[in-house]
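Spelled out from the first residue to the last, the chains are:
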Protein chains: 2
Amino acid sequence: MRMITLEEVASLLQENDHFKLLTHLYPDGDTLGGAFALAFALRKMGKKANVAVNGPVPSKFRYLTERYEDQDFEPQYIVSVDVAAPSLLGEQVMQGVEKIDLCIDHHRTNSITADNVYVDADAAAASETVWQLIRMLQIEPDEDIAAGIYTGISTDTGCFCFSNTTPRTHQFAAEVIPYCDWQSINYINFVVKTRAKIKMERMIYDTMEFYAGGKCAVVYTTIAMQKVLGAGDDEMEGLANIPRQVEGVEMGITMREKEGGVFKISVRTNDGINAAEFCKQFGGGGHPAAAGCAVEGDLATVKKLLVDAAEAFL
Amino acid sequence: MRMITLEEVASLLQENDHFKLLTHLYPDGDTLGGAFALAFALRKMGKKANVAVNGPVPSKFRYLTERYEDQDFEPQYIVSVDVAAPSLLGEQVMQGVEKIDLCIDHHRTNSITADNVYVDADAAAASETVWQLIRMLQIEPDEDIAAGIYTGISTDTGCFCFSNTTPRTHQFAAEVIPYCDWQSINYINFVVKTRAKIKMERMIYDTMEFYAGGKCAVVYTTIAMQKVLGAGDDEMEGLANIPRQVEGVEMGITMREKEGGVFKISVRTNDGINAAEFCKQFGGGGHPAAAGCAVEGDLATVKKLLVDAAEAFL
């Protein structure tokens, strides 16, 4: 395992062929956008490249695969894109994979074992790195490539709002938006809400409680609530940002009940409170301002556990 | 009245002194950000410059004026920034003003009478033009200037989400964010919500009705609702974006009751529906995707009027 430079990553892509690109569990805009952009770029170089996704591509991201079809070949070079930890490599993508040849990521806490690792923790998204590689390899961008890069960059930065945005992020956005329908991408990712989602938001507001003198806000959804509303997983996205938006709140905790007596916890923070540190106590991790973990137990127990930890932490 | 080039605008700024910069009624991030950035820049050139605002600067934008104090001088050169129409020049800013020497704006429908007019309808914000002028005049940016420009650009584009965003918009953001605390600016403008605002949002969802086969969503607030919640004008901002976010909605209409039996109407559209055209029927105007007007009458009457017009329009 060696840490390599961006130039070396570009060389490896140039020298190898028959790529399998691995995305992470619960795929988001960055892992999908970055991986599909890279696959389209490699194909433009005359190489074979497939993207491996755990389960179907979420319906909102289908636009990334309009002109994509799996190619038929035996994978020879395995690349993970935006995968922070081995636990995020689902069974499905790991089928037939013995080792990872190259890891491209932007999570400071990256713990993937791979022959070659490139982690740019200053990148707002792994897709920033993919874009740098595409430029370095002098591949002419097209709509598919640009849509992937823009999706990765814009979704990981909350549309250029989160603290991970840098001048480079805007620079890369300026470079790719002439090639893709970024307005539709924004509409899909940042504007449109189904009626079920709106109802879910209202229900979530009803659960909001404040702790630590108003510095911590906690909300939750249960399987029963989701059923009542007929809300799918798409409707649940973005809910994690609700509690930290309230004036005075430094840490927003969203508890989402999953099957099997476990709550998926999303933590979002303001004012330099380290969400990843907080989630580490529960075996989770992530970014300084956005992290997560999973906690087993019933609603009241899990909530008390989190609230006590938050009051000690803040 | 003559239409001039950007270079000519820069020359006029260089040749003149004792500037009074006019902002529009119900001041927003672009008129304030652009005007204060220009004032700080002119002062850096050794000139005198004041910004005229109708009423106090809204509390959320106070950060723009932390190092600003009115200077004592007789205005000699009057410049309007981001003011689309004479009706938006409030009495207070027009005190002692006989004519406008220079109009800097980005509204295609601009109808200001001024000796010199520069309207760049491709600019997402008037602040884009101000930034071009600052670069052209080779004024070194500082925190005040950058905060003004970033505020204008980011608020007028909904944080780079709206269709008026261009590669240049991102380019300019990349140039100014190294100089200002854009994260705090984003938090203030795009993240934080008071508890009163959250309650107002929930109440507004309760008023939501759909017309034209789901293509038109209408919501309203009344003075009584605002009073019950103790919501100020700050809480009311951004509500106009709620109805157009619903899946399938092409035109979102927000009716806001004001004192004196009048409703302030905000129209937001998707899919190329022209909001300005729609509002023109009621004596209003604005941008293709965001426009407004004022309609007198009681809630039921005004709503019926708008809904009938929307059903005919869509």
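Residues numbered from 1 in each chain as written. Chains lettered and ligands numbered in written order. Predicted model: local features only at pLDDT ≥ 70, side-chain atom pairs only at ≥ 80, totals over all residues. Heavy atoms only, no water.

### Considerations on the relation of the copies chain B and chain A
The two copies are related by a screw motion: chain B maps onto chain A through a turn of 180° and a shift of 0.0 Å along the axis, at an RMSD of 0.0 Å. The superposition operator between the copies reduces to a two-fold rotation axis. When each C-alpha of chain B is compared by its distance to the rotation axis, His-170 of chain B comes out closest, at 2.5 Å. An overlap of 100% is found between the interface residues of chain B and their copies at the interface of chain A, pointing to a shared contact surface. (Least-squares fit on C-alpha atoms with pLDDT ≥ 70 in both. Contact = heavy atoms within 4.5 Å.)

### What to know about the sheet that holds strand 6 (residues 114-119) of chain A
The strands that make up a sheet are held in pairs by hydrogen bonds between backbone atoms, and each pair lies either parallel or antiparallel. All names here are of chain A. Reading across from one edge, 1-6-5-4-2-3 is the order of the six strands in this open sheet, with parallel pairing throughout. Edge positions in the sheet fall to strand 1 (2-3) and strand 3 (49-52), since each has one partner strand and no second. Alignment of strand 1 against strand 6, held across two bridges, turns out to be parallel. Each residue of the ladder has a partner; that of Met-3, found in strand 6, is Val-117. Across the sheet, helix 2 (residues 29-44) is in contact with strand 2 (19-22), strand 3, strand 4 (77-81) and strand 5 (100-105); its angle to strand 3 comes to roughly 165°. (Pairing = 2+ DSSP bridges. Helix = DSSP H or I, 4+ residues; strand = E, 2+ residues; numbered from the N terminus. Axes fitted to C-alpha atoms, helices over the stretch in contact; angles between N-to-C directions.)

### Side note on the interface of chain B and chain A
Each partner contributes residues to the interface: chain B has 39 residues there, and chain A has 39 residues. When chain B packs against chain A, close to 3,400 Å² is buried across both sides, 60% of that on carbon and sulfur atoms. Linking chain B to chain A there are two salt bridges. The tally of links between chain B and chain A comes to 10 residue pairs in polar contact (both at pLDDT 80 or more). Elements with a contribution of two residues or more to the side of chain B that touches chain A: helix 6 (167-176), helix 7 (182-191) and helix 8 (195-206) of chain B. (Buried area = accessible area lost by both parts, 1.4 Å probe. Salt bridge = Lys/Arg side-chain N within 4 Å of Asp/Glu carboxyl O. Polar contact = N/O pair within 3.5 Å; in protein donor to acceptor, adjacent residues only side chain to side chain.)

### Side note on the sheet that holds strand 8 (residues 216-221) of chain B
All names here are of chain B. Overall, mixed pairing links the six strands, which are arranged 7-8-9-10-12-11 in an open sheet. Looking along the sheet, the strands with just one partner apiece sit at the ends: strand 7 (209-211) and strand 11 (285-286). Summarising the sheet, strand 7 and strand 8 pair through three bridges and their orientation is antiparallel. The partner of Tyr-211 across the bridge, within strand 8, is Cys-216.

### Things to note about unusual backbone geometry
Phi angles above zero are rare outside glycine, and His-18 of chain A is one such case at about 55°. In this structure, Ala-212 of chain B takes a positive phi of about 50° despite not being glycine.

### A word on the pairing of strand 12 (residues 290-296) of chain B
All names here are of chain B. Where burial is concerned, the two faces of strand 12 differ: the one with Ala-291, Cys-293 and Val-295 is buried and the one with Ala-290, Gly-292, Ala-294 and Glu-296 is not. Sheet topology note: the strand 11/strand 12 ladder contains two bridges and is antiparallel. Residue pairing in the sheet places Gly-285 in a bridge with Gly-292 of strand 12. From the end of strand 11 to the start of strand 12, which pair antiparallel, there are three residues. (Buried < 20%, exposed > 50% of the residue type's maximum accessible area, 1.4 Å probe, protein only.)

### Thoughts on the confidence of the model for chain A
In low-pLDDT segments, the atomic positions of the prediction should not be examined closely. For chain A, per-residue confidence averages 94 on the pLDDT scale, and residues scoring 70 or more make up 100% of the total. For this predicted complex, the interface confidence reaches an ipTM of 0.87, while the overall pTM sits at 0.88. (pLDDT = per-residue confidence, 0-100.)

### Side note on the packing of aromatic side chains
Within a pair of aromatic rings, the relevant descriptors are the distance that separates the centres and the angle that separates the planes. For the structure shown, the criterion picks out 15 aromatic pairs over all chains. Between Phe-40 of chain A and Tyr-68 of chain A, the ring centres sit 6.2 Å apart and the planes meet at 80°, which makes this aromatic pair edge-to-face. Remark: Tyr-68 of chain A occurs in the loop between strand 3 and strand 4 and Phe-40 of chain A occurs in helix 2; sequence separation between them is 28 residues. Accessibility expressed as a relative area gives 13% for Tyr-68 of chain A, which makes it buried. Here the aromatic cluster, defined as three or more aromatic residues joined through ring pairs, consists of Tyr-150 and Phe-160 of chain A together with Tyr-150 and Phe-160 of chain B. Over the face of the ring belonging to Phe-210 of chain B we find Arg-195 of chain A, whose NZ or CZ atom lies 3.6 Å from the ring centre. (Phe/Tyr/Trp six-rings, centres within 6.5 Å; stacked < 30°, edge-to-face > 60°. Lys NZ or Arg CZ within 6 Å of the ring centre and 35° of its normal.)

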